[in-house]
Amino acid sequence: MNLGTKVALAVAVAALWVAGAVGVLVHRITAADQLATARADLDRQLVAAAYDHAAGRESAARLDPPDLPAPLTRLMGRGVRATYLQSGTHPVLWAATRVSDRTVLALSRPYDREAHALGELDRTLTTTGAAATGTVALLGLALGVRMGRRATAAARTAERIAHGDLDARVRPHGRDEIARLAGSMNAMADALAARLEAERRVTADIAHELRTPVAAMVTAVCLLPPGPAGDLVAGGVRKLHGLVEDVLEIARLDADCAVVETEFRQVSAMARRAVAGLEGVAVRIVADTLVETDPRRVERVLTNLVTNALRHGAAPVTVDVDRCGDGPVVRVRDHGPGFPLDALAVLTTSGPQRFRTGCASAGTGLGLSIAAGQTRLLGARLTFRNHPEGGAEAVLRLPEGGPGGTTGITGTTGRTGATGRTGTTGRTAGGVRGGRDEEEDEGEVAVRG
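Residues numbered from 1 in each chain as written. Predicted model: local features only at pLDDT ≥ 70, side-chain atom pairs only at ≥ 80, totals over all residues. Heavy atoms only, no water.

Next up on the list: the packing of helix H7 (residues 295–312) against helix H9 (residues 366–378). At a minimum axis separation of 9 Å, H7 and H9 run at an interaxial angle of 150 degrees. Taken together, the axes of H7 and H9 are roughly antiparallel relative to one another. Our pair here, H7 against H9, has a crossing hand that is left-handed. Along the contact surface, H7 presents Arg-297, Val-298, Arg-300, Val-301, Asn-304, Leu-305 and Asn-308, while H9 presents Gly-367, Leu-368, Ile-370, Ala-371, Gln-374, Thr-375, Leu-377 and Leu-378. (Axes fitted to C-alpha atoms, helices over the stretch in contact; angles between N-to-C directions. Helix = DSSP H or I, 4+ residues; strand = E, 2+ residues; numbered from the N terminus. Parallel < 35°, antiparallel > 145°, perpendicular 65-115°, else oblique. Left-handed = near helix turned anticlockwise from the far one by under 90°. Contact = heavy atoms within 4.5 Å.)

Okay, structure coming up:
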């Protein structure tokens, strides 16, 4: 139930209660006033009839009527003058008094006219109350819809900001709480954009400053004599060089200065090139497709996903090329313990995070961050989940483009061969791996272009 419906329902219920309370109050006041007036009038007639009886004149009053109501008979035993309304299908108003020790003088008249007038009043109150309730409910619905639209607009803007659109803002209207919320959200977005921009600048500056000395170190390592010490230093320099290149790639993605160069390419060809040179990886072609995309970026995404699976999961790693209703799909699955549930929660809320792996294994958390950034550039979609049969699975959905179609090629390749690019990756918000919950292992996060 949305906000507009809730507000309309609350206003309608409140209006219904008010109309009901007012109707009951008017009914009771009117009924009491009618009865009091009728009692007083009949009592005056009874007094006049008593004088006529004493003077020996005829009157409309009756002596000891057999149909005198029992409550009125009991009152006559006390020697008091009283009136009584006898209810029923045809109500009757009575007035009686004692004119001697054993004689009762009584008057009666139908009370239908007052009952009919009271019924007409009730119907008028019901109709008026229903009309007022309906009108107020419509006004409440209009107010609720307006409030709901403003709240929905603020929520959508917050979702856009959460997905990386830091230029999204809410247009505040009025001076109520929703307008104040909109202003606070805009201030939060400004502060967040400023902090992220400062972080990007620091990251890019550090990477650019490190690039030259690291390149010099790579050159110097080649001059070291062979031996365990030289191999250890060379391995560390290679890791440092890869880290600097990844940081520079992140800086380019953040700066939105990357250029997408598209061409027509088979998805299977890009998948095979991405995993070339990686051991323990099998490429299976279920349905191949020709797409128009940037093959270098697609291969970088797949390389990072496969390397991430090898590093934090367990072999064999399978790369399935398939096609679903909305375009080509590439699934990268390992046979390790899968994502921890808390890691999937982090991925769901904030996506891949840099320099956080969420596990004890080595990694910088930049691999999936780069994959997510490249995915956005391609207009593709990247999701992560735990496979029902075990292991972690990343699914890359490429956008439909060009004269793509299913070629009917099926089959499975063996382990990939000789040469190819590699990528640096991590997991949980950029790279995770840990124990898998046996009862609940499903979860998914999407990075959309």
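Right, let's get into the confidence of the model for the protein chain. The share of residues in the protein chain with pLDDT of 70 or more is 83%, and the mean pLDDT across the chain is 78. Mean pLDDT across the elements of the protein chain ranges from a minimum in strand S13 (residues 445–448), with 38, to a maximum in strand S3 (residues 92–98), with 91. The low-confidence segment residues 358–363 (pLDDT under 50) makes 15 contacts with residues lying over four places distant or belonging to another chain. Predicted confidence is poor over residues 402–449, with pLDDT under 50, and the contacts of this stretch with residues over four places away or in other chains come to 198 contacts. (pLDDT = per-residue confidence, 0-100.)

This paragraph deals with unusual backbone geometry. At the junction of Ala-315 and Pro-316, the peptide bond is cis and its omega measures out at 0 degrees in the coordinates. Here Pro-316 is to be found in the loop between H7 and strand S8 (317–324). Phi at Asp-64 takes a positive value of approximately 45 degrees, unusual for a residue other than glycine. Topologically, Asp-64 is positioned in the loop between strand S1 (62–63) and helix H2 (70–76).

On to the side chain of Thr-318, then. Inspection of the secondary structure assignment puts Thr-318 in strand S8. Of the residues examined, Thr-318 reaches a relative accessible area of 10% and is grouped as buried. Excluding anything up to four places from it in sequence, Thr-318 contacts Ala-282, Arg-284, Arg-331, Val-332, Arg-333 and His-335. (Buried < 20%, exposed > 50% of the residue type's maximum accessible area, 1.4 Å probe, protein only.)

This part takes up a nonpolar patch on the surface. Taken together, Leu-9, Val-13 and Trp-17 make up a surface patch of nonpolar side chains, about 350 Å² in accessible area. For Leu-9, the position within the fold is in helix H1 (residues 3–55). Its relative accessible area of 46% is what places Leu-9 among the partly exposed residues. (Patch = residues over 30% accessible without salt bridge, like charges linked within 9 Å, V, L, I, M, F, W, Y side chains within 5 Å. Areas by Shrake-Rupley, 256 points an atom, 1.4 Å probe, with all protein chains shown as cover. Salt bridge = Lys/Arg side-chain N within 4 Å of Asp/Glu carboxyl O.)

Bringing the packing of H1 against helix H3 (residues 112–162) into the picture now. One way to put it is that H1 packs onto H3 with a least axis distance of 7 Å and a crossing angle of 160 degrees. With respect to H3, the axis of H1 lies roughly antiparallel. When you trace H1 past H3, the crossing you get is right-handed.

Among the 7 residues of strand S9 (residues 327–333), 6 are classified as buried, and the element is accordingly described as predominantly covered. Relative to S9, S8 runs antiparallel, the two sharing 7 bridges. Its bridge partner lying in S9, Asp-322 is registered against Val-329. In terms of strand pairing, S9 meets strand S11 (residues 392–397) through 5 bridges, oriented antiparallel. Bridge assignment links Arg-331 to a residue of S11, and that residue is Val-395. (Pairing = 2+ DSSP bridges.)

This next bit is on the pairing of strand S2 (residues 82–86). The pairing of S2 with S3 spans 5 bridges and is classified as antiparallel. Among the inter-strand pairings, Ala-82 is bridged to a residue of S3, identified as Ala-96. Between S2 and S3, which pair antiparallel and follow one another directly, the connecting turn spans 5 residues, one of which, Gly-88, has a positive phi of 150 degrees.

Read across the sheet, 4 strands follow the order S1-S4-S3-S2 without closing on themselves; strand pairing throughout is antiparallel. Strand pairing shows two members of the sheet lacking a second neighbour, S1 and S2, which therefore form its edges. Sitting on the sheet, H1 touches S1, S2, S3 and strand S4 (104–110), and the angle it makes with S4 is about 140 degrees.

Attention now moves to H9. For H9, built from 13 residues, the straight-helix expectation of 18 Å at 1.5 Å per residue is met to within 8% by its first-to-last C-alpha distance of 18 Å. The buried fraction of H9 amounts to 11 of the 13 residues, a majority that puts the element mostly inside the structure. Looking at H9, one finds that the buried residues are Leu-366, Gly-367, Leu-368, Ser-369, Ile-370, Ala-371, Ala-372, Gly-373, Gln-374, Thr-375 and Leu-378. Gly-379 sits one or two positions beyond H9 and adopts a positive phi of about 70 degrees. (Expected span 1.5 Å × (residues − 1).)

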